[in-house]
Protein chains: 2
Amino acid sequence: EKPNAKRVPPPVVHYHMNNLTSTSDPVANRETILILTPLARFYQEYWDNLLRLSYPHELITLAFIIPKNREGNAATTALQEQITKTQKSGPEKNRFASIIIERQDFDPPLSSQSETERHKMENQKARRAAMSRARNSLLFTTLGPSTSWVLWLDSDIIESPPTLIQDLAAHDKPIIVPNCFQKYIDPKTKQPAERPYDFNSWQDSDHARKLGEGMGADDILLEGYAQMATYRTLMAYLAEDNGDPKQEVPLDGVGGTALLVKAEVHRDGAMFPPFPFYHLIETEGFAKMARRLGWSATGLPNYKVYHYNE
Amino acid sequence: EKPNAKRVPPPVVHYHMNNLTSTSDPVANRETILILTPLARFYQEYWDNLLRLSYPHELITLAFIIPKNREGNAATTALQEQITKTQKSGPEKNRFASIIIERQDFDPPLSSQSETERHKMENQKARRAAMSRARNSLLFTTLGPSTSWVLWLDSDIIESPPTLIQDLAAHDKPIIVPNCFQKYIDPKTKQPAERPYDFNSWQDSDHARKLGEGMGADDILLEGYAQMATYRTLMAYLAEDNGDPKQEVPLDGVGGTALLVKAEVHRDGAMFPPFPFYHLIETEGFAKMARRLGWSATGLPNYKVYHYNE
Ligand SMILES: Nc1nc2c(ncn2[C@@H]2O[C@H](COP(=O)(O)OP(=O)(O)O)[C@@H](O)[C@H]2O)c(=O)[nH]1
Ligand SMILES: Nc1nc2c(ncn2[C@@H]2O[C@H](COP(=O)(O)OP(=O)(O)O)[C@@H](O)[C@H]2O)c(=O)[nH]1
Ligand SMILES: [Mn+2]
Ligand SMILES: [Mn+2]
């Protein structure tokens, strides 16, 4: 609990952050990565997908932040069970360098966490402000001076290419985001199909900028709601059948379901604004804040990860 | 260098941040504190003052960020020498829980660091943006999930009450700042005297707010320059002879020479904006950002710490 409380010969640790790299070949350069997951519900498919990541697990630290409520307790138990399996009895190559589980010190704003309830427009500001606080808490307390990369990965991302980290890092971008889709059974054809899930990755429009200018200082722009047409270009709709997974598009807003960030972007101060920042919050506000710090965001419309379907 | 690189049985660490406290009696509650110092020059008097702090040293972690240039190399050597003395051969009660030294991964914007050069108005924006980046790097990489408090302490603060931490914490405020003065010899009387040093702790004025509204989005308001009268109430001038050291004033901007912050304020996302944030940057921008997160700042006009006099 309090590592400082026990008296041990006190070490001095030197970190040469000027020698820390985050390159397009992170495996060859033995770059460490921190995978950060705010977690309200545990999905076995998320863990299985994580285990399949081919990035050397000994370079990966996992960290979770979990609400301190009943749902969070259940998620912690389920997560801890899988961790024990992987880290103690599973094959050594599957084991991660270290794992941190944090319990949140504030309550989630909504009692119900159903997809419909979460996505109601009037719930968005409070919910995403709370998500921002959770992300910031996790980030500020786990990023270390020898971390090269941060991968944000939501707990309901249940499928990605095993080479996710290498593939994203290969682009050598400060901030890069794949396209987050959802698989479902088409009710008409009864056939498996997929549809866009995350609408937070976009290119800005004059219309949205003007909407923002006409708003009160504390109002936020939201994406994906018919009541508030922004005419932004959404990465969700830029995916093409058989499109090149390496195709890049510049982005002004990013989603956080899966998001790779060079650690120096965060170290510079880029966080998830829980308050309206240029009328944006959470991951969208993060992209804007990073921009103010001189870092730009890139999207990969044809490189997909998949969100759980409730 | 890369703690993850060596394969050790991977631990799972649980942190119950909901049980973490930052109270008015941190010694009794065994609360850990992180003292953060951006350091360009090493002063022996700073180290001696640090050693005199009566807060239990085993609850204190020190962390430094030092530029990667010639001056920084010299400061690192001097600091390391004192650390070795204190941590290895000095009395056990003087030893700190742990010490982290980070070398910066970007260059300071000014080659000269003289007081006159530093304080030139046209140098302020670039200089304070670089200071913000240094502070953010240090903060993001050293704050841990069991840290209760953060004390920002500049490397040229050479005198403070030994009970500094307890005295400030006793007020039980999210952000609290003493008054930073400088001792000098009055050239007229040849007698020791003191004068205000830090003008970044202030209460806002309508005049300054209006100045801000008339500015370009990327312009900043600066304090302590005759060319830009702000009519703010400066804490520097609120000190009274024999004034009550416990007297509190609310603040809108804070200086960072000595600054106590509850860790949860930083965990929420409060950092030092390197970009103009409501026309404020660095520690003044930090106070504004904390305010947006719901945390307010308090000043102690009659509780003094002293800055080195070049
Ligand atoms: N720590 C924490 N995590 C949360 C909370 N609410 C949701 N999450 C997690 O944050 C991520 C995004 O939330 P989710 O509800 O899936 O958002 P959506 O898919 O955008 O509707 C997921 O990994 C959730 O498990 C919360 O209150 N606290
Ligand atoms: N890491 C780092 N520290 C710096 C740099 N410049 C100044 N400092 C330190 O930051 C603090 C504030 O800087 P200082 O020059 O004293 O500012 P002033 O007293 O407000 O003019 C002091 O502790 C300095 O040693 C820098 O470029 N990098
Ligand atoms: Mn989700
Ligand atoms: Mn100074």
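Rules behind the numbers
Per chain, residues are indexed from 1 in the order of the written sequence. Throughout, the order in which chains and ligands are written sets their labels, letters from A for the former and numbers from 1 for the latter. Local features in this predicted model are restricted to residues of pLDDT 70 or higher, and side-chain atom pairs are both shown and tallied only at a pLDDT of 80 or more, whereas totals for entire chains, interfaces and linings draw on every residue. Processing note: side-chain calculations cover all non-hydrogen atoms of the structure and skip hydrogens and water entirely. What counts as a helix is a DSSP run of H or I of at least four residues, what counts as a strand is a run of E of at least two, and both are numbered from the N terminus. When we talk radius of gyration, it's over C-alpha atoms, and the globule rule is simply 2.2 Å times the number of residues to the 0.38. For every residue, the accessible area (1.4 Å probe, protein chains only) is compared with the maximum for its type, and the residue is labelled buried under 20%, exposed over 50%, or partly exposed between those bounds. Any two residues having at least one pair of non-hydrogen atoms within 4.5 Å are treated as being in contact. The charge count treats Lys and Arg as positive and Asp and Glu as negative. His and the chain ends do not count. One atom stands in for each charge, and that atom is NZ of Lys, CZ of Arg, CG of Asp or CD of Glu. By the convention used here, strands pair only if DSSP detects at least 2 bridges between them. For the handedness criterion, the strands are oriented away from the viewer, and a crossover whose path from the first strand over the helix to the second runs clockwise is classed as right-handed. Each metal's donors are the N, O and S atoms within 2.8 Å of it, or within 3.2 Å when it is Na, K or Ca, and because water is not part of the set, sites may look incomplete. Nearness here has a simple test: a residue counts as near a molecule or strand if at least one of its heavy atoms is within 4 Å of that partner. In protein, a polar contact means a hydrogen-donor-capable atom and an acceptor-capable atom, both N or O and within 3.5 Å, with residues adjacent in sequence counting only if both atoms are side-chain atoms; elsewhere, any N or O pair within 3.5 Å suffices. Residue-level accessible areas treat just the shown protein chains as cover; the underlying method is Shrake-Rupley with a 1.4 Å probe. The classification used treats Ala, Val, Leu, Ile, Met, Phe, Trp, Tyr, Cys and Pro as nonpolar, Asp, Glu, Lys and Arg as charged, and all other residues, Gly among them, as polar. In short, buried area is how much 1.4 Å probe accessible area vanishes from two parts on joining, totalled over both. We count a salt bridge whenever a side-chain nitrogen from Lys or Arg sits within 4 Å of a carboxyl oxygen from Asp or Glu. With a 1 Å grid spanning the protein atoms alone, the term cavity applies to any set of points in which a 1.4 Å probe fits but cannot get out, the term pocket to an open set with protein on both sides within 12 Å along at least five of seven lines, and the term lining residue to any residue with an atom within 4 Å of a point. Grid points are joined across faces, edges and corners, and a volume is the space filled by probe spheres set on the points. Between the rings of Phe, Tyr and Trp (Trp by its six-membered ring), a pair exists once the centres lie within 6.5 Å; its type follows the angle of the planes, with under 30 degrees stacked, over 60 edge-to-face, and the other angles tilted. For this overlay, a least-squares fit was computed on C-alpha atoms, restricted to residues scoring pLDDT of at least 70 in both copies.

So, about the overall build of chain A. When its secondary structure is counted, chain A shows eight helices and 13 strands. Radius of gyration (C-alpha) of chain A: 19 Å, near the 19 Å computed for a compact globule of 310 residues. By principal-axis analysis of the C-alpha atoms, chain A measures approximately 60 × 45 × 40 Å. When burial is assessed residue by residue, chain A has 58% of its 310 residues classed as buried. Sequence separation of 24 or more characterises 79% of the internal contacts of chain A that already satisfy a separation of 6 or more. Between the averaged position of the 35 positive side-chain charges in chain A and that of its 39 negative side-chain charges there is a distance of 4 Å.

Our next topic: the pairing of strand β4 (residues 98-103) of chain A. Across the six residues that make up β4(A), a large majority, six, are buried. Alternating residues of β4(A) divide into A:S98, A:I100 and A:E102 and A:I99, A:I101 and A:R103, and every residue in both groups is buried. Bridge count between strand β3 (residues 60-66) of chain A and β4(A): six bridges; the pairing is parallel. Residue A:L62 lies in a different strand from β4(A), and its bridge partner there is A:I99. Traced from β3(A) through helix α2 (residues 70-89) of chain A to β4(A), the parallel crossover comes out right-handed. Bridge analysis of β4(A) against strand β1 (residues 12-16) of chain B gives five bridges, and the strand direction is parallel.

Let us look at the coordination of the manganese ion (ligand 4). All names here are of chain B. Donor atoms from the polypeptide that bind the manganese ion (ligand 4) are D156 (OD) and H307 (NE2), placed at 2.1 to 2.2 Å. On the criterion of sequence distance, the pair formed by D156 in the loop between β5 (149-153) and β6 (157-159) and H307 in strand β13 (residues 297-307) is long-range, its members being 151 residues apart. Accessibility assignment for this pair places D156 and H307 in one class, buried.

The subject of this paragraph is the site of ligand 1. Residues and elements named next belong to chain A. Close to ligand 1 lie 20 residues, the nearest being P38, Q104, H119, D156 and Y197. In the model, an oxygen atom of ligand 1 is placed 3.4 Å from a nitrogen or oxygen of the R41 side chain. Coverage of ligand 1 by the protein amounts to 93% of the 560 Å² it exposes when considered alone. Looking at the shell around ligand 1 element by element, the count peaks at three residues for helix α4 (residues 121-142). The residue inventory of the shell around ligand 1, partitioned by class, reads 10 nonpolar, five polar and five charged.

Tallying the contact residues gives 66 residues for chain A and 65 residues for chain B. Interface area, chain A with chain B, both sides summed: about 6,100 Å², of which 52% is carbon and sulfur. On inspection of chain A and its partner chain B, the count reaches six salt bridges. As a salt-bridge pair, A:D105 and B:R267 come within 2.6 Å of each other at their nearest N and O atoms. Our count for the chain A to chain B interface comes out at 24 residue pairs in polar contact (both at pLDDT 80 or more). Elements represented by at least two residues in the side of chain A that touches chain B include exactly β1 (12-16), β3, α2, β4, α4, α7 (263-267) and α8 (282-292) of chain A. Residue composition of the side of chain A that touches chain B, grouped by class: 29 nonpolar, 19 polar and 18 charged.

A word on the coordination of the manganese ion (ligand 3). Residue and element names in this part refer to chain A. For the manganese ion (ligand 3), every protein donor is listed as D156 (OD) and H307 (NE2), and the spread of their distances is 2.1 to 2.2 Å. Taking the relative accessible area as the measure of exposure, D156 reaches 6% and is therefore buried. In this structure H307 comes out as buried when scored by relative accessible area, which is 4%.

What follows covers empty space enclosed by the protein. Residues and elements named next belong to chain B. Scanning all chains against the criterion turns up two cavities of 30 Å³ or more. In this structure, the largest cavity encloses a volume near 40 Å³. Considering the residues around the largest cavity, the lining is formed by V177, P178, N179, C180, D198, S201, M235, A236, G255 and T257. Here the lining of the largest cavity is built from residues that sort into five nonpolar, four polar and one charged. Here the second largest cavity is characterised by a volume of approximately 40 Å³.

So, about the packing of aromatic side chains. Residue and element names in this part refer to chain B. Counting across every chain of the model gives 16 aromatic pairs over all chains. Their ring planes at 70° and their centres at 6.1 Å tell us that W47 and F96 sit as a pair that is edge-to-face. Of this pair, W47 sits in helix α1 (residues 44-52) while F96 sits in the loop between α2 (70-89) and β4 (98-103); the two residues are 49 residues apart in sequence, bridging distant segments of the chain. For the pair formed by W47 and F96, the shared burial category is buried.

With respect to the helices and strands, B:S22 occurs in the loop between β1 and β2 (33-38). The residues contacting B:S22, other than those within four sequence positions of it, are B:E31, B:S148, B:W149, B:D172, B:K262 and B:E264.

This paragraph deals with the relation of the copies chain A and chain B. Mapping chain A onto chain B leaves a residual RMSD of 0.0 Å; the transformation is a rotation of 180° accompanied by 0.0 Å of translation along its axis. Accordingly, the operation relating the two chain copies is best matched by a two-fold axis. Closest to the rotation axis within chain A is the C-alpha of A:F140, separated from it by 2.5 Å. A share of 98% of interface residues in chain A that are also interface residues in chain B marks the association as one of identical surfaces.

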